[in-house]
Structure formats: C-alpha cells, structure tokens
Amino acid sequence: MTEQSVSGQPVSEQSVSGRRPLGLTPSQTVGPFLSLGLPWPDGGDVVAEGTDGAIRIGGVVRDGAGEVVPDALVETWQADPEGNFDHPDSAERSTFRGFGRCPTDGDGHWEIRTLKPGAVDGQAPHVDVSVFARGLLDRVVTRIYFPDEEAANAADPVLATVPADRRATLVATATAPAELRFDITLRGNDETVFFQV
Amino acid sequence: MTRARPAPFTPPPDGTHPPLDYAAYRSTGLRAPSQPPIVLPHRLTEVTGPLLGAERIGPSDHDLTAQHAGEPIGQRIIVSGRVLDSDGRPVPDTLVEVWQANAAGRYAHARDNWPAPLDPNFTGGGRVVTDSSGNYSFTTIRPGAYPWGNHHNAWRPAHIHFSLFGTAFTQRLVTQMYFPDDPLFDQDPIFNSVPDPKARERMISRFDLDATRAEWALAFRWDIVLRGREQTPFEEPHDD
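Note that the structure is a prediction, hence the values are computed from the model and not measured. (Residues numbered from 1 in each chain as written. Chains lettered and ligands numbered in written order. Predicted model: local features only at pLDDT ≥ 70, side-chain atom pairs only at ≥ 80, totals over all residues. Heavy atoms only, no water.)

S.K.: What is the right way to look at the domain arrangement of chain A in this model?
M.R.: The accessible area lost on association of the parts is a frequent measure of interface size. According to the domain assignment, chain A consists of domain 1 (1-26) and domain 2 (31-185). Averaged C-alpha coordinates put domain 1 of chain A and domain 2 of chain A at centres separated by 35 Å. (Domains from an automatic or database assignment.)

S.K.: Mind showing me how you'd approach the nonpolar core here?
M.R.: Buried together is how nonpolar side chains tend to be arranged in soluble globular proteins. In this structure, Ile-57, Trp-110, Val-131, Ile-144, Ile-184 and Leu-186 of chain A are the most contacted members of the largest nonpolar core, which totals 27 residues. Elements with a minimum of two residues in this core: strand S1 (55-62), strand S2 (72-78), strand S4 (109-114), strand S5 (126-133) and strand S6 (140-145) of chain A. Considering each element in turn, this core owes the most residues, four residues, to S5 of chain A. Leave out the neighbours within four places in its chain, and Leu-186 of chain A touches Val-61, Arg-62, Val-69, Val-131, Leu-136, Val-140, Glu-191 and Phe-194 of chain A together with Arg-31, Ala-32 and Pro-33 of chain B. Listed in part, the 26 residues of the second largest apolar core include Trp-77 and Val-141 of chain A together with Phe-9 and Phe-165 of chain B. (Core = buried A, V, L, I, M, F, W, Y, C linked by side-chain atoms within 4.5 Å. Buried < 20%, exposed > 50% of the residue type's maximum accessible area, 1.4 Å probe, protein only. Helix = DSSP H or I, 4+ residues; strand = E, 2+ residues; numbered from the N terminus. Contact = heavy atoms within 4.5 Å.)

S.K.: Even after reading the chapter, I still don't get the pairing of strand S4 (residues 125-129) of chain B, so can you show me in this structure?
M.R.: For a regular strand, the rule is simple: side chains alternate between the two faces of the sheet. All names here are of chain B. The element S4 is largely enclosed, with a buried count of four among its five residues. Across five bridges, the pairing between strand S3 (residues 95-100) and S4 is antiparallel. Following the sheet pairing, Val-96 is matched in S4 by Val-128. (Pairing = 2+ DSSP bridges.)

S.K.: In this structure, what is going on with the packing of aromatic side chains? I would like to understand it.
M.R.: Two descriptors summarise a pair of aromatic rings, namely the distance from one centre to the other and the angle between the planes of the rings. For the coordinates displayed, the defined rule picks out 16 aromatic pairs over all chains. Here the aromatic rings of Tyr-107 of chain B and Tyr-146 of chain B are separated by 5.3 Å at their centres, their planes lie at 80°, and the arrangement is edge-to-face. Note that Tyr-107 of chain B is positioned in the loop between S3 and S4 and Tyr-146 of chain B in strand S6 (residues 146-148), a separation of 39 residues in sequence. Among the residues examined, Tyr-107 of chain B registers a relative accessible area of 1% and is labelled buried. When its relative accessible area of 9% is taken as the criterion, Tyr-146 of chain B is described as buried. Ring geometry for Phe-179 of chain B and Phe-220 of chain B: centres 5.0 Å apart, planes at 90°, overall edge-to-face. Here Phe-220 of chain B lies in strand S11 (residues 218-221) and Phe-179 of chain B lies in the loop between strand S9 (173-178) and helix H3 (189-192), a separation of 41 residues in the sequence. Each of the two residues, Phe-179 of chain B as well as Phe-220 of chain B, counts as buried. Among the aromatic residues, those joined into a cluster by ring pairs are Tyr-136, Phe-138, Phe-162 and Trp-222 of chain B. Above the plane of the ring of Phe-169 of chain B lies Arg-139 of chain A, whose end atom (NZ or CZ) is 4.6 Å from the centre. Just above the ring of Trp-148 of chain B sits the side chain of Arg-156 of chain B; from NZ or CZ to the centre is 5.9 Å. (Phe/Tyr/Trp six-rings, centres within 6.5 Å; stacked < 30°, edge-to-face > 60°. Lys NZ or Arg CZ within 6 Å of the ring centre and 35° of its normal.)

S.K.: Hey, could you run me through the environment of Val-127 of chain A in this one?
M.R.: Residue and element names in this part refer to chain A. Tracing the backbone through its elements, the reader meets Val-127 in strand S5. Here Val-127 falls in the buried class, since its relative accessible area comes to 0%. Each C-alpha atom of the pair Val-127 and Leu-170 lies 10 Å from the other, and the pair is 43 residues apart in sequence. In this structure, Val-127 is in contact with Thr-76, Trp-77, Gln-78, Pro-117, Thr-142, Arg-143, Ile-144 and Phe-146, ignoring residues within four places of it in sequence.

S.K.: Explanation requested: the interface of chain A and chain B in the structure shown.
M.R.: With 85 residues of chain A in contact, the opposing surface of chain B contributes 92 residues. For the chain A and chain B pair, buried surface summed over both sides reaches about 7,800 Å², with 57% attributable to carbon and sulfur atoms. Taken together, the connections running from chain A to chain B amount to six salt bridges. A salt bridge links Arg-31 of chain B to Asp-71 of chain A; the shortest N-O distance between them is 3.0 Å. Connecting chain A to chain B are 41 residue pairs in polar contact (both at pLDDT 80 or more). Within the residue set of the side of chain A that touches chain B, elements represented by two or more residues are S2, strand S3 (99-103), S5, S6 and strand S10 (195-196) of chain A. The element best represented in the side of chain A that touches chain B is S5 of chain A, accounting for six residues. In terms of strand pairing, S10 of chain A meets strand S1 (residues 38-39) of chain B through two bridges, oriented parallel. Looking at S1 of chain B, one finds that Phe-195 of chain A is bridged to Ile-38 of chain B. (Buried area = accessible area lost by both parts, 1.4 Å probe. Salt bridge = Lys/Arg side-chain N within 4 Å of Asp/Glu carboxyl O. Polar contact = N/O pair within 3.5 Å; in protein donor to acceptor, adjacent residues only side chain to side chain.)

Written out as structure tokens, the structure is:
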C-alpha cells in the first residue's frame, strides 16, 4: 500500500509497516444527546420476536446517588448457543448477530431479546457489555453471567479474578421464565464490577 | 477442539484515554465507578465484535444536509478521513456513526433547551461505511459551539460525535472530532480530560483544501486510529 500521512500525527512518527505504532484516537463522552446518533429501531432485537429459545435480559442503570440514568446506552456482544460468533476469528462462523444496543428510557431501563450464549473458550456462558453515558469519559465494560450456570460460573477464569463479595453483581437474576434482570450500578453501594479491556 | 487463540489487542498507552474520575467534568462525580477496573485478558469474546457495515446505512445517512425538505442553515462542510489501527492497517467496511449540534449550537433533542434556534432542516445524525482502504466521508454543516452548565460561562468547543466499532469488542470507540484553532479548547474539561497533549491534538481535524468543492463546500480531514493487535516479539518486520 502507498504510505500516506495520517492527520494529527507527524510523518516522522508514522510507519505503515507497523514498526512504530500510530497514536490512538482518545475516547470522549457520548454526552447527553447520543439518541440522535446511536440507537437503532431494532437495536435490542439480537433475535427477532418469536425466535425459538429467545430470552429477555434487561435492567436499570443507576448512578452513585441511586438515581436512575435515563441517558445511557447499553451495548451487548455474545456468542450464539454453540459458542460461536459472527466473526472470522470464530472457529466456526455463526450467522447470529450477537450484538444488541438499547438506550435507557426515562426510568433508566434497557432490555434486549437474545439467545443464551454457549460456553466460550473454557469460560462460562457470558455476555460482554459496554455502557456509555454523559459523565463517562470512556465506556465502562462489564459481563453478564447466568444464574443457572452455577458450576460453570464457579470454574470461570474471569469470575475467579473478581473478589468473591462482588461477583454477584455480574450474575443476572431470573425473574420469570426466559426473563433475566441485570441492573448496572455505575458507582457506590453494590457498584457493578467493571473490567479493563 | 483446540485452536490458536487470536492475538490480543495492545493496551492503550498511558495518557491516551481520559480517566473516568475527572472532577473538572462535574457529571463524572456520580457516574464514574469508584472501584478500579479488573483487568480482563482478551479471549474470543473480546477479540471478536460486530462487523457492522452497509446494511446499517440509509439513503441520506451520508449527507446530513439532505435529510429534510430544505437545506439547513450553516456552512456546508465535507468531513473525511481514514479509519486505521495503530499498526497503520486500514479498517475497511466498518460503520462510522456521527451526531452533532446544528449551526447555532443546538441539538435537535428534547433535553437541549438553551435559547438558540432549532433548524427544521437539520437533525444532526449520520452513518457511513469505510471503503476498502478505510476511507470515510460525509457532508454536513459546521456545528456551532454551545454553553453548558458545567461551570460558570462554560462553552463546549464545536465538535462532531463519532462512534466506531472496528472488528473487535476491544476496538469500540466513541469520541469527538474538533475543529482547528478553536479558542474554546483551554476552558473545556472534556477536551482537556485527555492527559497527553499530543493525544488531545489527535482529536482536532485539519482544514483540507484538496477536499473542498468549488462553489459548494469547505472540507476538514480527520483520521481515526483504533487499537491494533499485539505482535509476537519474534515476528519479522514486513511491508504491507
């Protein structure tokens, strides 16, 4: 490929062949008006209504004062029920979308309709989650684990790195058949465990 | 079945991303987590991600001046650039989402109610996909600066919000593009939340005379660099 300058980076510091990495573009907050750019009408529909085996996962995002956060966006990424992803790095490529996004409503509530993921790479079934909001200068990342996977959760290498008294914040609660609740507390009492990726 | 685990992504250098706990931006006070994050080594869920592209684009998503019956008020501009990873590899066919205020600095949003006019011909949301070389381009109007309640007489420098996915969960980035020589940078805690001054400069677009269109639009160029993968230390250097 032809070497081109990258705006914002002195040419002397650039090497397209990868010897010296380019400087990353920094993160900035989504601000309060993300609904102009990010939500999709079908964002929460990881699978269509009526799909066999569909489950609903949702909850409320709260701040450090216990108030609901009405201007957040929750995004999810997960494997299909066999543990495969719609991605070339997956051992077998799935056609399952795997991605969900849902802005919180006036009550701080978000929800997706999806399939329960399979075990991945020696880990218990899980969903990776990003939360974006005004007041967050970068996304925060967490994981949803499943309450009916006690043995797999106990053996999960990621949960093992989380202090035992905080692990419960990563396990969803079954509230009805095919319905799970996963609240996210950004700060304070019962603060959700967040990960650095 | 065993399979080589795909390489993880390199950690961002210190000073590149803002700290979550940054008191000068007051909204962080109740929202930034108080506990340090736990390091999540990259496994398959983290090195994969949604490969979103053309299926997410509507017919006028690339031209924010063409989404209504009339033309919006303001200076018409073309914003273009490339999406790359830190190894300089282009990120092709990837979704770029943008949103912004109108020329008067007002967002078409129910919760933005400062006394500047709404523009019936401007909503301020767009989506484009990069081409096979990682290039993106969209047409819009230059957004205005606007006041906000962070501190006395606080004003946000004019900016366009950008959302990028790359090819992996770890590459996800939401950021803001700024305009050159904005006198409001010094007093803006969001811009200055990025610790490294050189990283801050990477959020500023440059005027691009070559991309302007005569008798039609000014142009700004802004390249976006996402995280790259770890190289094995023994890999020989190579030319792409």
